[in-house]
Amino acid sequence: LDMSIDEDFTPTPQMPRQPGVPCGLMNVGNTCYVNSLLQTLFHVDDFRQQMLSFRPPDDYNQEAAETDEGSKLRGKHALQLALELRQLFAYCFLSERSCANPANLLSELVDQHGQKLGVGSQEDVGEFMLKFLEQLEEGLKVGKSNSQPAKLSETEEGKDSAATGPLQALFFGQQLQIFSYMEQKKLPAEEKAAVEKDEEVTADAETEEVQLRKDDQTEQREAPANNDLVVSEETSDFLQIFLDVKHKNLYSAWEAANQQEVEYTTPGGSQAQGSTHVWIRRLPKLLIFQLQRVTFDHETYQQVKLDDEFDFDSTIYPDRFLHENREKAEAADVKAKSLKAKCQGLESALEEFENYRPAKPLKKADSDAGDNVNEKDEEEAALDISAAELLSTAAELLEANAAGLTSTEEALERWHPRQAVAEVPDSGLDETELETLKQVREALQQPGPMAQLLRGLGQICQSRQARLKRELNNLRRELEAVHAPLQKQ
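These numbers were taken from a predicted model, which means no experiment stands behind them.

Q: Help me understand the overall build of the protein chain in this model?
A: Scanning the protein chain from terminus to terminus reveals 15 helices and 16 strands. Looking at the protein chain residue by residue over its 489 residues, the buried ones come to 31%. Excluding contacts between residues fewer than 6 apart, the proportion of contacts in the protein chain whose partners are at least 24 apart in sequence is 75%.

Here's what the structure looks like:
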């Protein structure tokens, strides 16, 4: 499908649609985020069919006249919102015009008290989608539809019998959030004193009762006897899954969103390390992800948009995040955690070979500023060159300098470009500097062994770099295969 449009081309509802180009939506005032959502919903077959088959109630006109305030006014706008969306979808589906105007639809958006919402201000599309679907579902419940809403399977119905709304099974899933932390018991005074005495004895004997178990380079400590593991569970619906683009790919970002460590203040007032894990109990028919591409810069105190690449496959397997697969998923996660740690070590080593960083960071400064450059204005200069390329370049420069040096005057001129001199006595160099320059010149007269050494080191670095890449690719393939047995849905 060719979606290219001339930059000078501005479509209007009166213009015919270009061949092969779908009907667009007009921007009626900073509503690009609204239009993107409406276009996404339009291309969901089940949802579009449900809207096109929607009909108002038989007593629609009478009910509209009676609704005037509060919740009744909200109900009136909710029904009208559904009708306007049906009309907009019909226009986009059947019209040969280049675009449609969603202004009438947006005018029906109201809050819980029936007051119109201002659309067009900077707003998160996820928050807007939630408001939009909530009001739309109210309108769909009032009317009637010849299309059957998305149904839950028998297994899913058993998990959540409340998911009966027209849009519930289509857009909303159900998740189980498990929160756990260790809470220290409050012991009676006598028992507490005995425990403290026992701890002193154990410390002196260097035989802690806390057992340490090493598993894939991860040290785990069993809870002391005077601590209790507190676990709480909460079931809730979800509309979308928020992913941080810094994790580079969908599964890594999804895993990070589902597992978090937090500092927690217990009901008893003590500080504890809490752990949150989210499992999906029921998947919606349409699973929605929202990429978090805006972050806060604590140095500039401004929001910054992230343009990082984010990878995902055309087919997504959510099995590892389903509660029914919890036992298998946790076993796979243990192995994956070990492989990820190994990958990170290889990636760090490979980075040192591919992008050379000197031990002391280089600084860039204005050459005309001399020594009066403010340190805050200096920027670190990164060398975009591998270690092998650096050594090879050094060998070439060594041979080039040796071939070009024919006199002491030329040597001085090359080493001090700001002081092009014809005679050594006028160079301004002291005896130590002249002696150093002499030694450099003598070394350059026989560059062969040094250049050969540099090239040899470069070849070693290149070979090591290639080996690290092979090992890293093998580990990544092994990591991808860890959750393969779970990839069924």
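Q: Before we go on, may I ask you to explain the packing of aromatic side chains in this structure?
A: What characterises a pair of aromatic rings is the spacing of the ring centres plus the angle enclosed by the ring planes. In the structure shown here, the tally under the stated rule is 11 aromatic pairs. Between the aromatic rings of Phe179 and Tyr181, the centroid separation amounts to 5.9 Å while the plane-to-plane angle is 40 degrees, which identifies the pairing as tilted. Each member of the pair, Phe179 together with Tyr181, is buried. Over the aromatic face of Phe42 sits the side chain of Arg48, whose NZ or CZ is 5.4 Å from the ring centroid. Over the ring of Tyr251 we find Arg320, and its NZ or CZ is 4.2 Å from the ring centre.

Q: For this particular structure, what's the right way to read the sheet that holds strand S8 (residues 227-238)?
A: What holds strands together in a sheet is hydrogen bonding between their backbones, with the strands either parallel or antiparallel. An order of S8-S5-S11-S10 is seen for the 4 strands of this open sheet, with the pairing classed as antiparallel. Among the strands making up the open sheet, the edge pair consists of S8 and strand S10 (259-265). Within the sheet, the average angular offset between the axes of one strand and its neighbour, ignoring direction, is 25 degrees. Of the pairings in the sheet, the one linking S10 to strand S11 (residues 271-282) comprises 7 bridges and is antiparallel in character. The residue of S11 that forms the bridge with Gln259 is His277. Together, S10 and S11 form the strand contacts of helix H10 (residues 250-258), whose direction differs from that of S10 by roughly 20 degrees.

Q: So what exactly am I meant to see when it comes to unusual backbone geometry here?
A: Glycine aside, residues mostly have negative phi angles, and peptide bonds mostly take the trans form. Even without glycine at this site, Lys248 takes up a positive phi of about 75 degrees. The topology assignment puts Lys248 in the loop between strand S9 (241-244) and H10. Overall, the relative accessible area of 43% leaves Lys248 in the partly exposed class.

Q: It is not clear to me how the pattern of salt bridges should be interpreted in this structure. Could you clarify?
A: Applying the stated criterion across every chain, the model contains 9 salt bridges. For the salt bridge of Asp45 with Arg48, the shortest nitrogen-to-oxygen distance reads 3.1 Å. Taken as a pair, Asp45 and Arg48 lie in helix H2 (residues 45-52) at a separation of 3 residues, close to a single helical turn. By relative accessible area, which is 16% here, Arg48 ends up buried. One salt bridge connects Lys248 with Asp308, and the closest N-O pair in it is separated by 3.5 Å. Pair noted here: Lys248 is in the loop between S9 and H10 and Asp308 is in the loop between strand S14 (302-305) and helix H11 (326-354), with a separation of 60 residues, a long-range link. Given the relative accessible area of 26%, Asp308 is considered partly exposed.

Q: For this particular structure, what's the right way to read a negative patch on the surface?
A: A surface patch of like charges, here negative, comprises Glu309, Asp311, Asp313 and Glu480. Its location among the elements puts Glu480 in helix H15 (residues 448-482). For Glu480, a relative accessible area of 58% translates into the label exposed.

Q: Where do I start with the confidence of the model for the protein chain in this structure?
A: The predicted coordinates of low-pLDDT regions are not to be read in fine detail. When pLDDT is averaged along the protein chain, the result is 76, and 68% of the positions lie at 70 or above. The model gives residues 62-67 a pLDDT under 50, and that stretch makes 4 contacts with residues more than four places away or in other chains. In this model, residues 416-426 is a region of pLDDT below 50 whose contacts with residues beyond four sequence positions or in other chains number 14 contacts.

Q: When you look at the nonpolar core in this model, what are you seeing that I'm missing?
A: Within soluble globular proteins, side chains that are nonpolar generally end up buried alongside one another. Among the nonpolar cores identified, the biggest contains 36 residues, and Phe47, Leu85, Phe132, Leu136 and Phe171 are the most heavily contacted of them. Sorting the residues of this core by element identifies helix H1 (32-42), H2, helix H4 (70-94), helix H5 (103-106), helix H6 (125-142) and helix H8 (168-171) as the ones contributing at least two each. Per element, the largest residue contribution to this core is 8 residues, and it comes from H4. The residues contacting Phe47, other than those within four sequence positions of it, are Leu41, Leu85, Phe89, Leu136, Leu167, Leu170 and Phe171. Of all hydrophobic cores here, the second largest spans 20 residues; its members include Ala336, Ala387, Leu472 and Leu479.

Q: I would appreciate a short explanation of the environment of Val28 in the present structure.
A: Considering the arrangement of structural elements, one finds Val28 in the loop between strand S1 (24-25) and H1. Residue class for Val28 comes out partly exposed when judged on its relative accessible area of 37%. The spatial distance from the C-alpha of Val28 to the C-alpha of Pro102 is 7.7 Å, given a sequence separation of 74 residues. Those residues within four positions of Val28 in sequence are excluded, and the remaining contacts are Asn101, Pro102, Ala103 and Leu106.

Q: I'm lost on a nonpolar patch on the surface in this one. Help?
A: Taken together, the side chains of Met450, Leu453, Leu457 and Ile460 make up a nonpolar region of the molecular surface, amounting to roughly 380 Å² of accessible area. Position of Leu457 among the secondary structure elements: in helix H15. The exposure class of Leu457 is partly exposed, given its relative accessible area of 38%.

Q: Where do I start with the side chain of Ser53 in this structure?
A: Relative to the helices and strands, Ser53 resides in the loop between H2 and strand S2 (54-55). In terms of polar contacts, Ser53 uses its side chain to reach the backbone carbonyl oxygen of Gln49, at 3.0 Å. A distance of 3.2 Å separates a polar side-chain atom of Ser53 from the backbone oxygen of Gln50.

Q: Sorry if this is basic, but what is going on with the packing of H1 against H6 here?
A: Packed helix pairs are characterised by how far apart their axes lie and by the angle those axes make with each other. Between H1 and H6, whose axes approach to 10 Å, the crossing angle comes to 60 degrees. Put simply, H1 runs oblique to H6. Two packed elements cross with a definite hand, and for H1 against H6 that hand is right-handed. For the pair H1 and H6, contact is made by Tyr33, Val34, Leu37, Leu38 and Leu41 and by Val125, Phe128, Met129 and Phe132, respectively. By residue class, the composition of the contact of H1 with H6 is 9 nonpolar, no polar and no charged.

The rules we used
- Every chain's residues receive numbers from 1 upward, in the order its sequence appears when written.
- Local features in a predicted model are, by the rule used here, given only for residues with pLDDT of at least 70; side-chain atom pairs are given and counted only at 80 or more, and totals for whole chains, interfaces and linings are based on all residues.
- As a convention, hydrogens and water are excluded, and side-chain values are obtained from all of the structure's heavy atoms.
- Secondary structure elements are defined from DSSP: runs of H or I of at least 4 residues count as helices, runs of E of at least 2 residues count as strands, and each element is numbered from the N terminus.
- Buried residues are those whose accessible area, probed at 1.4 Å on protein chains only, stays under 20% of the maximum for their type, while exposed residues exceed 50% and partly exposed ones sit between those limits.
- Here, two residues are considered to be in contact whenever any of their heavy atoms come within 4.5 Å of each other.
- Classification of ring pairs uses Phe, Tyr and Trp, with its six-membered ring standing for Trp, and accepts pairs whose centres are within 6.5 Å; under 30 degrees between planes counts as stacked, over 60 as edge-to-face, and the remaining range as tilted.
- A ring is considered to have a charge above it if a Lys NZ or an Arg CZ atom is located within 6 Å of its centre and within 35 degrees of its normal.
- Two strands qualify as a pair provided that DSSP identifies no fewer than 2 bridges between them.
- All axes are obtained by fitting lines to C-alpha atoms, using only the stretch in contact for helices, and the reported angles, taken between N-to-C directions, cover 0 to 180 degrees.
- For this analysis, a salt bridge means a side-chain nitrogen from Lys or Arg found within 4 Å of a carboxyl oxygen belonging to Asp or Glu.
- Note on patches: the residues involved have over 30% relative accessible area and no salt bridge, like charges join within 9 Å, and the nonpolar side chains Val, Leu, Ile, Met, Phe, Trp and Tyr join within 5 Å.
- Accessible surface is estimated by sampling points in the Shrake-Rupley manner with a 1.4 Å probe; for residues, cover comes only from the protein chains shown.
- In this tally Asp and Glu are treated as negative and Lys and Arg as positive; neither His nor the chain ends contributes.
- A single reference atom marks each charge: NZ on Lys, CZ on Arg, CG on Asp, CD on Glu.
- The quantity known as pLDDT measures the predictor's confidence residue by residue, on a range of 0 to 100.
- Only buried residues count toward a nonpolar core, which is a set of Ala, Val, Leu, Ile, Met, Phe, Trp, Tyr and Cys residues joined through side-chain atoms within 4.5 Å.
- Distance and chemistry together define a polar contact, namely a pair of N or O atoms within 3.5 Å, with one atom able to donate a hydrogen and the other to accept it when in protein, and with adjacent residues in sequence counting only for side-chain atoms on both sides.
- Here is the rule for angles: anything less than 35 degrees is roughly parallel, anything more than 145 is roughly antiparallel, 65 through 115 is roughly perpendicular, and the remaining ranges are oblique.
- Crossing handedness follows the turn of the near helix against the far one: under a right angle anticlockwise gives a left-handed crossing, and clockwise gives a right-handed one.
- Polarity classes work like this: nonpolar for Ala, Val, Leu, Ile, Met, Phe, Trp, Tyr, Cys and Pro, charged for Asp, Glu, Lys and Arg, and polar for all others, with Gly in that last group.

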